[in-house]
Structure formats: C-alpha cells, structure tokens
Amino acid sequence: MVLLGVAALYVGTWRLWALTVLLWSLYELCFCPTTCGIATGGGAVCRNATHGRLFACTHVPGHQRSKTDALWRPTVRHEPGSRPRLPQSDGAPAAHRRARLTPSRASIAPRQRLMAYAAVIGLAVTVVQTAVGLAGPW
C-alpha cells in the first residue's frame, strides 16, 4: 500500500490515488487480521481472531450480529435488525414462531469502529471522485 501511495504521489494522477484508497479500504474492511473486539455486558472484550473490520469471530454465534448492530448504531436511528416482529399465531410450533427481537447492546473497540468508518468514507469518496473524474470536463 505504501509503495502504491508513493507511486501515486510521484505520478500525480487521481486514478492511482483512487486505486490506492480502494485497495486500502478493501483490505481494512475484509482482509486485515484483527480481533473480534465485541464487548458484551460483562465488559470483557472477545479476543478471538478474525479477518476484516466488518467481521466478527465464528466461535460465538451471536457476535456477528452484535458487531453489525454496534457498527450501525451511531449511523441510523434504529439498528436494521432490531425491529420487533410480531409473534405468529398460525398454529406453528413454539420453536418456529417468530419472537420479539431485542436490540443488541454490545459494543466494539473504538479503534475498530474508527478504522471501519474511515475505510467506508474513503471508499465512498473514491467512488464519487472516480465517477466525476471519468465524466470528464464539463
């Protein structure tokens, strides 16, 4: 990444900068080795290994949902998956009825949240810059 950034600085073209930011964002969001980072009600942080800032460990089934909710919480009014569902009363067995979903109150490490948001913002800015740059001069 550093060599690509230095090359972009040397060449001075927006296309190489866009490629550098896109590759960095992809790496941070999907591939960088990190820890799960979910802090539950007890305050203990999960230290299981994972790849990418968007993903949680696979050792604990609820961690991916908790991490997704924790990443969405500051950006939307309600978490996408926390809308209550009405129980079904169609004669289905109790195990197959929908129950109310409660919002997750787990949190993630501030550094992980900051890097994930920086990568998403960098990705969005680069996509807009690329669209404007490819449109050509007005």
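Residues numbered from 1 in each chain as written. Predicted model: local features only at pLDDT ≥ 70, side-chain atom pairs only at ≥ 80, totals over all residues. Heavy atoms only, no water.

### Considering the overall build of the protein chain
Next up, step 1: Summing up its helical and strand segments, the protein chain has 4 helices and 4 strands in all.
Next up, step 2: For the protein chain, the sequential pattern of α-helices and β-strands runs α-α-β-β-β-α-β-α.
Next up, step 3: Expressed as a percentage of the 138 residues in the protein chain, the buried residues total 28%.
Next up, step 4: Relative to all contacts within the protein chain whose residues are 6 or more apart in sequence, the contacts with residues 24 or more apart total 45%.
Next up, step 5: With an accessible surface of roughly 9,400 Å², the protein chain has 67% of that area assigned to carbon and sulfur atoms. (Helix = DSSP H or I, 4+ residues; strand = E, 2+ residues; numbered from the N terminus. Buried < 20%, exposed > 50% of the residue type's maximum accessible area, 1.4 Å probe, protein only. Contact = heavy atoms within 4.5 Å. Areas by Shrake-Rupley, 256 points an atom, 1.4 Å probe, with all protein chains shown as cover.)

### Some words on the packing of helix 1 (residues 2-11) against helix 2 (residues 14-31)
Next up, step 1: Remark: helix 1 packs on helix 2, axes separated minimally by 8 Å, with the N-to-C direction vectors making an angle of 160°. On the basis of their axis angle, the class for helix 1 and helix 2 is roughly antiparallel. Crossing of helix 1 against helix 2: the hand is left-handed. Contacts between helix 1 and helix 2 pair Leu4, Gly5, Ala7, Ala8, Leu9 and Val11 from the former with Leu16, Trp17, Leu19, Thr20 and Leu23 from the latter.
Next up, step 2: Class assignment of the residues belonging to the contact of helix 1 with helix 2 gives a composition of 9 nonpolar, 2 polar and no charged. (Axes fitted to C-alpha atoms, helices over the stretch in contact; angles between N-to-C directions. Parallel < 35°, antiparallel > 145°, perpendicular 65-115°, else oblique. Left-handed = near helix turned anticlockwise from the far one by under 90°. Nonpolar A, V, L, I, M, F, W, Y, C, P; charged D, E, K, R; others polar.)

### Describing the packing of helix 3 (residues 63-72) against helix 4 (residues 110-135)
Angle between the axes and distance between the axes are the two parameters that describe a pair of packed helices.
Next up, step 1: At their nearest, the axes of helix 3 and helix 4 sit 11 Å apart, and the two run at 70° to each other. Classified by the angle their axes make, helix 3 and helix 4 are roughly perpendicular. Judged by the twist between their axes, the crossing of helix 3 over helix 4 is right-handed. Only Gln112, Arg113, Ala116 and Tyr117 of helix 4 make contact with helix 3, whose side of the interface consists of Lys67, Ala70 and Leu71.
Next up, step 2: Split into classes, the residues belonging to the contact of helix 3 with helix 4 amount to 4 nonpolar, 1 polar and 2 charged.

### Describing the environment of alanine 8
Next up, step 1: Along the chain, the position of alanine 8 falls in helix 1.
Next up, step 2: With a relative accessible area of 0%, alanine 8 lands in the buried category.
Next up, step 3: Among residues more than four places away in sequence, those in contact with alanine 8 are Thr13, Leu16, Trp17 and Thr20.

### Some details on the side chain of glutamate 28
Next up, step 1: The topology assignment puts glutamate 28 in helix 2.
Next up, step 2: A distance of 2.8 Å separates the side chain of glutamate 28 from the side chain of arginine 53, its partner in a polar contact.
Next up, step 3: Setting aside chain neighbours within four positions, we find glutamate 28 in contact with Gly52, Arg53, Met115 and Ala119. (Polar contact = N/O pair within 3.5 Å; in protein donor to acceptor, adjacent residues only side chain to side chain.)

### Considerations on the confidence of the model for the protein chain
Next up, step 1: Of all residues in the protein chain, 75% attain a pLDDT of 70 or more, and the chain-wide mean is 79.
Next up, step 2: This model gives residues 84-90 a pLDDT under 50, and the stretch forms 12 contacts once residues within four places in sequence are excluded.
Next up, step 3: Scored below 50 in pLDDT, residues 92-103 shows 19 contacts in the model against residues more than four places distant or in partner chains. (pLDDT = per-residue confidence, 0-100.)

### Quick word on the nonpolar core
Next up, step 1: Counting 10 residues, the largest nonpolar core consists of Cys36, Ile38, Cys46, Ala56, Cys57, Ala70, Leu71, Ala106, Ile108 and Ala116.
Next up, step 2: In this view, alanine 116 contacts Leu29, Arg53 and Leu71; residues no more than four positions away in its chain are not counted. (Core = buried A, V, L, I, M, F, W, Y, C linked by side-chain atoms within 4.5 Å.)

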